[in-house]
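# Report on the structure
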Amino acid sequence: MAQQAPPPPAAPVPLGDRNLPDAAELEMQRALRGGTIAGTITIPNQTASVLIQPEGRDWRRFRNRVLTWIGAIAILGAVIALALVHLWKGRTRIEGGRSGRSILRYDGLERANHWMVAASFVALGLSGLVITYGRGLLMPWMGAEAFASLATACQAAHQFLSFAFVLGLVVMLALWAGRNLPTRADLAWLRAGGPLAKGHPPAGKFNAGQKLLYWFVLSCGAALAVSGYLLMFPFALTDIGGQQWAHMVHGILAMLMIAVILGHIYIGTLGTEGAFEAMANGQVDYNWAKEHHRLWLEEELAKAHRTLEPPRPTRTAGAD
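Notes on the structure follow. Small disclaimer: the values here were computed from a predicted structure and weren't measured.

### Some words on the packing of helix α5 (residues 144–176) against helix α7 (residues 208–232)
Between α5 and α7, the least distance of the axes is 10 Å, while the angle of their chain directions is 150°. Of the two possible hands of crossing, α5 and α7 adopt the one that is left-handed. Contacts between α5 and α7 involve Gln159, Ser162, Phe163, Phe165, Val166, Leu169, Met172, Leu173 and Trp176 on the former and, on the latter, Tyr214, Trp215, Val217, Leu218, Gly221, Ala222, Ala225, Tyr229 and Met232. A breakdown of the residues in the contact of α5 with α7 according to their chemical character gives 15 nonpolar, three polar and no charged.

What follows is the structure, given as structure tokens:
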């Protein structure tokens, strides 16, 4: 059978023109300067048509460098700052000593919901840190196969435990929103110096610092939930650019919230004598309540007096 003759060899490129881009490359460079390059596909997943997205390089730089530095500075900075505060100030003791009497501060529902939020947040924070830093810190130590199993488990835990965290925030909003509205006592507490004030400025059930933490946790938690669920269900409501922005918002807020919660944990355990008992068994010492939340204690005592002392009978008209 006859065979076709091989095609003639390409004409050699002159030496002076070999470094010049051809027309296709010039068109590609112009397209890159213009933005995303997408092809034409027939499958339902239209996001698969994206061939080149220049913003992806910015996102990758954020994921691999910026986020890791933000987390390291925020978390390690919080730990160092708390250690310095503890060395300088020490533990805040109950000035009047323990009275031997206690008063109910949180009921069973409040404590159970608080521990659900706390436990799920710790698990979310640790799993998120493994996902963020594990490739560089853990994989060289434990090996690629073991780290892959750990990362897969952390990703699954991060997704499923998010529902418990969000549910706890909703219950927390219903339980404590009314008690965390600003009052004049909060302004006086802040003007007196807040946690650094000499003595103990009068405060209700929650002082101004606790109220700020409360609203920060709720607002930051809501933003983490929205951005996290956008990442869990990719491209349901956003394109690839929206996914990248959701990841950046989620990562930054998560690192900041971990740093803030570290301060909350310190104040509620090592930092303040008697504070942990409020969430351990719901009871706090009378003198602790008197020093840290005097206005709330007065409210509780007034309620107790109204309950224990029956109302005096009123004299009716014409009675002797």
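### As for the packing of aromatic side chains
Evaluated as defined, the whole model comprises seven aromatic pairs. Summarising the aromatic geometry, the rings of Trp115 and Phe276 are spaced 6.1 Å apart at their centres and angled 70° between planes, so their arrangement reads as edge-to-face. Taken together, the residues Trp115 in helix α3 (residues 108–137) and Phe276 in the loop between α8 (240–271) and α9 (277–280) connect sequence positions 161 residues apart. Assessed through its relative accessible area of 40%, Trp115 is described here as partly exposed. Among the residues examined, Phe276 registers a relative accessible area of 40% and is labelled partly exposed. Considering the side-chain rings of Phe163 and Tyr229, the 5.5 Å spacing of their centres and the 25° angle between planes classify their relative orientation as stacked. Of this pair, Phe163 sits in helix α5 while Tyr229 sits in helix α7; the two residues are 66 residues apart in sequence, bridging distant segments of the chain. By relative accessible area, Tyr229 is classed as partly exposed at 22%. Connected via pairs of aromatic rings, a cluster forms that spans Tyr106, Trp176 and Phe206.

### Regarding the pattern of salt bridges
A complete count under the given rule lists seven salt bridges for this structure. Its salt-bridge partner being Arg179, residue Glu299 comes within 3.1 Å of it at the nearest N-O pair. Remark: Arg179 occurs in the loop between α5 and α6 (184–191) and Glu299 occurs in helix α11 (residues 294–308); sequence separation between them is 120 residues. Residue Arg179 is classed as partly exposed on the basis of its relative accessible area, which comes to 31%. Put simply, Asp186 and Lys211 hold a salt bridge, and the shortest N to O gap is 2.6 Å. On the criterion of sequence distance, the pair formed by Asp186 in helix α6 and Lys211 in helix α7 is long-range, its members being 25 residues apart.

Quick notes on the rules
- Residues numbered from 1 in each chain as written.
- Predicted model: local features only at pLDDT ≥ 70, side-chain atom pairs only at ≥ 80, totals over all residues.
- Heavy atoms only, no water.
- Axes fitted to C-alpha atoms, helices over the stretch in contact; angles between N-to-C directions.
- Helix = DSSP H or I, 4+ residues; strand = E, 2+ residues; numbered from the N terminus.
- Left-handed = near helix turned anticlockwise from the far one by under 90°.
- Contact = heavy atoms within 4.5 Å.
- Nonpolar A, V, L, I, M, F, W, Y, C, P; charged D, E, K, R; others polar.
- Phe/Tyr/Trp six-rings, centres within 6.5 Å; stacked < 30°, edge-to-face > 60°.
- Buried < 20%, exposed > 50% of the residue type's maximum accessible area, 1.4 Å probe, protein only.
- Salt bridge = Lys/Arg side-chain N within 4 Å of Asp/Glu carboxyl O.

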